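# Coordinate inspection notes
What follows is each chain in one-letter form.
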Amino acid sequence: MKKAKREDEGNNSRISNLPKDILHRILYFHSQEDAARTSLLSKSWRYVWCTRPNLDFSDNNFKGNKNNFLSVVDKTLQLYRDQNLCLMEFHLSISLTYNWDSTSVPFLEKWIPLLAIMGVKEFRFSIFSNHGFRMMRNLPSVVYKAESLNFLRLERCNLVQYIPENIPFVRLQVLRLQTVSIEQEIFDKIISSCPLLTTMWFQECKGLTTIKLETKLHKHLKHFTFISNDRYIEEKRCIEIDIPTLETIKINGSKIRVNIRKFGNLKSLTLKRVEIYSNNSIEQSHQLLIDDAPNMEYFYYSGTLIPSISSAPNCRESYLKLFIWDDDDDVEDSQSWFPRLSKLLQALRGSEISLNIFHHSVENMPYVRHDVDNNKAVAMEKLRLSSDHVRSFMPLLNGLFCICRPRNVDPKWLEVGPEYKESERKELSEFWFEIQEMRVSGNREIWKEDLEDLTVESFDSRRKIWHPFLHATRLSEESAFFPDFGRMRLRLKWRESL
């Protein structure tokens, strides 16, 4: 016991005797709170945390005592200033309150110029508020003068007031605006003042309509995110992309206009609830979205129109979510639906594809053209079909099996529930019977010979496993028996040559 205690004391002594810059490096990877706890280790550790070259303060760690938080930050910065200590990084997270202007602003007006004098290389600033748009507070103008700012995150604050003529954000690399109110003119002025931006993140920004990503302004930009969960896409909202060096793009709820076709560095592309327009066009486009994305590893798309990607040889994961709505006038679109989908799947065939199709239309059924079999059908793990209309499933499956080979098919009826009528349940039963007969009634010339086996499976919620279901003829012969259709799927086996 005593020997072990002496060994522990010896190890602690050896660490404590390390040069101060190494001790600072050890504390660099700890939070401010954990770093402060090291003062209890020994006398030699008592003040090490007070002189490390990085500070990270958040008022969340002060249990609502805002005055104590402001006092601690102020005294710490003053200590660094008075002793001429090196401060490389300063991270500050602060929440807005009703008395924000009267308590916090004077401290910010003191701290921000002080950081510039001390030569801070990285200044990360996050402002949060628990209030909605109506209660948002104005961003203090002194923030716009923070020349040493490297990372700026603003959440639930107002950026519509007057801002300085010159914004010295010459070091800013990350700009994140979430649930803010901002005028378009002010937004344009801010991003044009940040030549080193590598990351833009904009989420639920009120007043923001147009974002132009141009190489001449943001040649270092690598990551772009725009998220809007409004039910309808605003008419004026549009994102124009003209930067070929982007590595990640995530857009949710906007029109987009892509002015270039080759993305040599793109690794991840997420497009959800978007309307795609070609250059100088006022109508949605089926033209090529991307000609070449040799390094793209992840692709997510959700929308009504099928985009086109010519080449993505290294894509590992693709998630497609397509919607079909009533559109009686677009007959040509219905006829080209399967060929366009086939072309997209061919470009993504090297990845693990998950295809989800939501069919909400009786009249608008994609037309199966027999020329889609020019390309080899694409293998995929899962195909999910969701529909309001049971009778649309068989034509859809027939067409999809012409262009892809799913191992699992998960059919979902959007309005199936306990109150479902007996006639509709019988219709579902007939569907499952037809499924079992697909090898006989399917499109013989295109896919029938490739299907080796088809099994209907049901999910055992108690054992958490899928197992083969009874022969489908019982579903139509015994009207009193109706299974849980929401927990059934198809398991398919295709020829190995695929």
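Bear in mind that the values here come from a model prediction, so they are computed numbers and not experimental data. (Residues numbered from 1 in each chain as written. Predicted model: local features only at pLDDT ≥ 70, side-chain atom pairs only at ≥ 80, totals over all residues. Heavy atoms only, no water.)

## Digging into the overall build of the chain
- Scanning the chain from N- to C-terminus turns up 12 helices and 22 strands.
- Going through the 498 residues of the chain one by one, you find that 48% of them count as buried.
- Of the contacts formed within the chain by residues at least 6 apart in sequence, a portion of 63% connects residues at least 24 apart.
- Split by element, the accessible area of the chain, about 25,400 Å² in all, is 48% carbon and sulfur. (Helix = DSSP H or I, 4+ residues; strand = E, 2+ residues; numbered from the N terminus. Buried < 20%, exposed > 50% of the residue type's maximum accessible area, 1.4 Å probe, protein only. Contact = heavy atoms within 4.5 Å. Areas by Shrake-Rupley, 256 points an atom, 1.4 Å probe, with all protein chains shown as cover.)

## A look at the packing of aromatic side chains
- On inspection of all chains with the given rule, the structure shows 12 aromatic pairs.
- With 5.6 Å between their ring centres and 50 degrees between their planes, phenylalanine 107 and tryptophan 111 make a pair best called tilted. In this pair, phenylalanine 107 and tryptophan 111 are both assigned in helix H6 (residues 105–118), four residues apart and thus about one turn of the helix distant.
- For tryptophan 111, a relative accessible area of 1% gives the class buried. (Phe/Tyr/Trp six-rings, centres within 6.5 Å; stacked < 30°, edge-to-face > 60°.)

## Section: helix H7 (residues 184–191)
- Along H7, the residues that are buried comprise Gln184, Ile186, Phe187, Ile190 and Ile191. Relative to the axis of H7, the buried residues are bounded by an arc of 160 degrees and lie together on one face.
- Buried residues along H7 sit against strand E6 (157–159), strand E7 (174–178), strand E8 (181–182), strand E9 (199–203) and strand E10 (210–214). (Arc of directions from axis to C-beta.)

## Some remarks on the state of the cysteines
- One pass over the structure, following the stated rule, counts zero disulfides.
- Unpaired in this structure, cysteine 402 has its nearest cysteine sulfur neighbour in cysteine 404, at a distance of 9.2 Å. (Disulfide = S-S within 2.5 Å.)

## A look at the sheet that holds strand E4 (residues 137–138)
- Taken together, three strands build an open sheet; the order of strands is E4-E6-E8 and the sheet is parallel. Strands with a single pairing partner mark the edges of an open sheet, and in this sheet they are E4 and E8.
- Pairing geometry for E6 and E8, over two bridges, is parallel. Following the sheet pairing, leucine 159 is matched in E8 by isoleucine 182. (Pairing = 2+ DSSP bridges.)

## Some points on the pattern of salt bridges
- By the definition in use, this model includes 10 salt bridges.
- Between arginine 124 and glutamate 122 there is a salt bridge, with the nearest N and O atoms lying 3.9 Å from each other.
- We note a salt bridge from arginine 405 to aspartate 450, for which the minimum N-O separation is 2.7 Å. Here arginine 405, found in strand E19 (residues 404–413), pairs with aspartate 450, found in the loop between helix H11 (438–441) and strand E20 (451–460); they are 45 residues apart in sequence, far enough to count as distant. Exposure class is identical for arginine 405 and aspartate 450. Each is buried.
- Several salt bridges share partner residues, and in doing so they unite Arg153, Glu155 and Arg156 into one network. (Salt bridge = Lys/Arg side-chain N within 4 Å of Asp/Glu carboxyl O.)

## Description of the pairing of E20
- Of the strand pairs in this sheet, E20 and strand E22 (residues 488–494) are connected by seven bridges, and their pairing is antiparallel. Pairing of glutamate 457 across the sheet is with arginine 489, part of E22.
- As paired strands, E20 and strand E21 (residues 465–468) are joined by four bridges and run antiparallel to one another. Each residue of the ladder has a partner; that of phenylalanine 459, found in E21, is tryptophan 466.
- Between E20 and E21, which pair antiparallel in sequence order, lie four residues; one of them, lysine 464, sits at a positive phi of approximately 60 degrees.

## Here we look at the packing of helix H4 (residues 66–82) against H6
- Following both chains from N to C, one finds H4 and H6 inclined at 25 degrees, their axes separated by 11 Å at the closest point. As summarised for this structure, H4 and H6 are arranged roughly parallel, according to the angle between their axes. Crossing hand, H4 versus H6: left-handed. In this structure, H4 contributes Leu70, Val73, Asp74, Leu77, Gln78, Tyr80 and Arg81 to the contact, and H6 contributes Phe107, Lys110, Trp111, Leu114, Leu115, Ile117 and Met118. (Axes fitted to C-alpha atoms, helices over the stretch in contact; angles between N-to-C directions. Parallel < 35°, antiparallel > 145°, perpendicular 65-115°, else oblique. Left-handed = near helix turned anticlockwise from the far one by under 90°.)

## Regarding the nonpolar core
- Phe90, Phe125, Phe202, Phe224, Ile251, Phe299 and Leu400 are the most contacted members of the largest nonpolar core, which has 116 residues in total.
- With near-sequence residues (within four places) excluded, isoleucine 251 lies in contact with Phe224, Phe226, Ile239, Ile241, Ile256, Thr270, Leu271, Lys272 and Val274. (Core = buried A, V, L, I, M, F, W, Y, C linked by side-chain atoms within 4.5 Å.)

## A few points about the environment of threonine 455
- With respect to the secondary-structure elements, threonine 455 resides in strand E20.
- Spatially, the C-alpha atom of threonine 455 lies 6.5 Å from that of leucine 492, the residues being 37 residues apart in sequence.
- Threonine 455 has contacts with Pro468, Arg489, Leu490 and Arg491, leaving out every residue within four places of it along the chain.

## Details of the environment of lysine 212
- Within the secondary structure, lysine 212 sits in strand E10.
- A C-alpha to C-alpha distance of 9.5 Å links lysine 212 and arginine 257, two positions 45 residues apart in sequence.

## A short note on unusual backbone geometry
- With a phi angle near 50 degrees, glutamate 204 is a residue other than glycine that sits in the positive phi range.
- Here glutamate 204 lies in the loop between E9 and E10.
- The partly exposed category is assigned to glutamate 204, whose relative accessible area is 21%.

## Observations regarding the confidence of the model for the chain
- When the pLDDT values of the chain are averaged, the result is 77; 68% of them are 70 or greater.
- Segment residues 1–11 is flagged for pLDDT under 50; beyond a separation of four residues in sequence, or across chains, it makes zero contacts in the model.
- The model gives residues 328–332 a pLDDT under 50, and that stretch makes one contact with residues more than four places away or in other chains. (pLDDT = per-residue confidence, 0-100.)

## Digging into the pairing of strand E15 (residues 298–303)
- Most of E15 is tucked away, with five of its six residues classed as buried.
- For strand E14 (residues 268–277) and E15, the ladder comprises five bridges, and the chain directions are parallel. Note that in E15 the partner of leucine 269 across the bridge is phenylalanine 299.
- Bridge count for E15 against strand E16 (residues 317–324) is six bridges, and the pairing is parallel. Paired with phenylalanine 299 across the two strands is serine 318, which belongs to E16.

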